[in-house]
Amino acid sequence: MTYRGKLRKQCMVVLGALTVAVAAVAGPAQAAPAQFSDAVPGFNGTVRAVAYSGGTIYVGGDFTSAVVKGKSIARTRLAAVNAYTGELLPWAPTADGRVKAIAVSGSSVYIGGEFTYVSGQKRDSLARLDATSGAVSTTFKHAIDGKPYALAAANGRLYLGGTITKVSGQARTRLAAFDLNTGALDTKWKPVVDDQVESLATASGRIYVGGKFHKVNSTSGYDRLVALDPTSAAIVTGFKPKPAVIVFGIAITADSVYTAHGGQGGTATAYTLTGAKRWSATFDGDAQAVTTLGDTVYVGGHFDNACRTARTGTQGVCLDGSDQRVKLAALDITDGHLRDWTANGNGIEGVLTMAVNPGLGAFVAGGAFTTINGVSQKRLAQFS
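All of these numbers come straight from a predicted model, not from anything done at the bench. (Residues numbered from 1 in each chain as written. Predicted model: local features only at pLDDT ≥ 70, side-chain atom pairs only at ≥ 80, totals over all residues. Heavy atoms only, no water.)

(A) Here's a closer look at the overall build of the protein. When helices and strands are tallied, the protein shows one helix and 34 strands. In terms of overall size, the protein behaves like a compact globule, its C-alpha atoms giving a radius of gyration of 19 Å where 384 residues would be expected to give roughly 21 Å. Referenced to the eigenvectors of the C-alpha coordinate spread, the extents of the protein come out at roughly 50 × 50 × 40 Å. A buried classification covers 58% of the 384 residues belonging to the protein. Long-range pairs, those at least 24 residues apart, make up 45% of the contacts in the protein with a sequence separation of at least 6. Carbon and sulfur atoms make up 50% of the accessible area of the protein, which totals about 14500 Å². Across the protein, the centroid of the 37 positively charged side chains sits 4 Å from that of the 26 negatively charged ones. (Helix = DSSP H or I, 4+ residues; strand = E, 2+ residues; numbered from the N terminus. Rg over C-alpha atoms; globule rule 2.2 N^0.38 Å. Buried < 20%, exposed > 50% of the residue type's maximum accessible area, 1.4 Å probe, protein only. Contact = heavy atoms within 4.5 Å. Areas by Shrake-Rupley, 256 points an atom, 1.4 Å probe, with all protein chains shown as cover. Lys, Arg positive; Asp, Glu negative; His and termini not counted. Charge placed at Lys NZ, Arg CZ, Asp CG, Glu CD.)

(B) A look at unusual backbone geometry. Notably, serine 125 is not glycine yet its phi reads approximately 75 degrees, a positive angle. Along the chain, the position of serine 125 falls in the loop between strand S10 (121-122) and strand S11 (126-130). On the basis of relative accessibility, which here comes to 7%, the residue serine 125 falls in the buried class. One non-glycine residue, arginine 174, adopts positive backbone phi at about 75 degrees. Along the chain, the position of arginine 174 falls in the loop between strand S16 (170-171) and strand S17 (175-179).

(C) Region of the structure containing the state of the cysteines. One pass over the structure, following the stated rule, counts one disulfide. One disulfide bridge connects cysteine 307 with cysteine 318, the sulfur atoms lying 1.9 Å from each other. Residues cysteine 307 and cysteine 318 are joined by a disulfide whose S-S torsion is about -70 degrees; by sign, that bridge is left-handed. Taken together, the positions of cysteine 307 in strand S27 (residues 305-307) and cysteine 318 in the loop between S27 and strand S28 (322-324) put the pair 11 residues apart, joining distant regions of the chain. Relative accessible area serves as the criterion here: at 14%, cysteine 318 is assigned to the buried category. (Disulfide = S-S within 2.5 Å.)

(D) Structural view of the sheet that holds strand S4 (residues 65-68). Reading across from one edge, S1-S4-S5 is the order of the three strands in this open sheet, with antiparallel pairing throughout. Where the open sheet ends on each side, the last strands, each with one partner, are strand S1 (42-43) and strand S5 (71-74). By the bridge criterion, four bridges tie S4 to S5 in an arrangement that is antiparallel. Bridging across to S5, valine 68 finds its partner in lysine 71. (Pairing = 2+ DSSP bridges.)

Quick look at the structure:
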């Protein structure tokens, strides 16, 4: 069956929303995605956030237009794409500043970033939009001190992470939560971390938090990656991985936690649900996003090579040999071995965000790249 035919068949299946940009549960083994992107729109500025909801990809970033068959179509930092056909959808709210994070829950799309107005209505760095019309919610409105970097929706809450210090005048220390039904700030879920939060993921009754921090709830030993109770915000003490460098991205399966790291070079790491390291793969630049599909872990970043050992030198250069993987790489989910799949991007920043839809057998990557394997594909690519 052709891919397009397979998608027509899958259109009959009702798919639930994926509410975490980088977290997904691995499905059964399946054929690897193509090494070239599906036909999806390009964008004239960096894509910094992507999220699936059924057959729709919601996109946010720095762009002011989408590019479809060489034609520019106005889209001001927000857009939506039909994941089946690659069509640019009419959903077109506007933001007057960068959109950094997107999460979807039911009929709502939540966005976080550096904006002050959304579709002409004042919204301070956080807003809720109708998933169909793009209308701005009149009941969800908060003042945010600091910058949102990550959003996740689960357990009846919207979780927010970044450099947050206050929400609507109430103290919060880089993390906050909101009631998905009422939109109110959660008065109980208020953990404290001592440095910025870069990523969030939710699964199995845990909120996974990644970033630059060293202490959580005034407790040492949970550097850069921690699991929190979704209701009380207490530390899940049974998960204690202590990665050595910043965590930019998190993906979850039924039995593992996968992370993307910076550092001298960059790494992708697999942990058990107790925080024991299963494997780690090294690159010559930061790994900035991670997701899983079937038996493969996909990693995006601004690396150009996958290192053959963990030894790196100045500016992350691989000291013991390398295999070219430019901005995107695929790893065996069991042992971290590099797969043959290559979808080489370009540029400096490379891939900044990824999301997966196992029901479609596809994942999407966004960033600052303009080609995939030498073919023009500006800043958004879907592999299926």
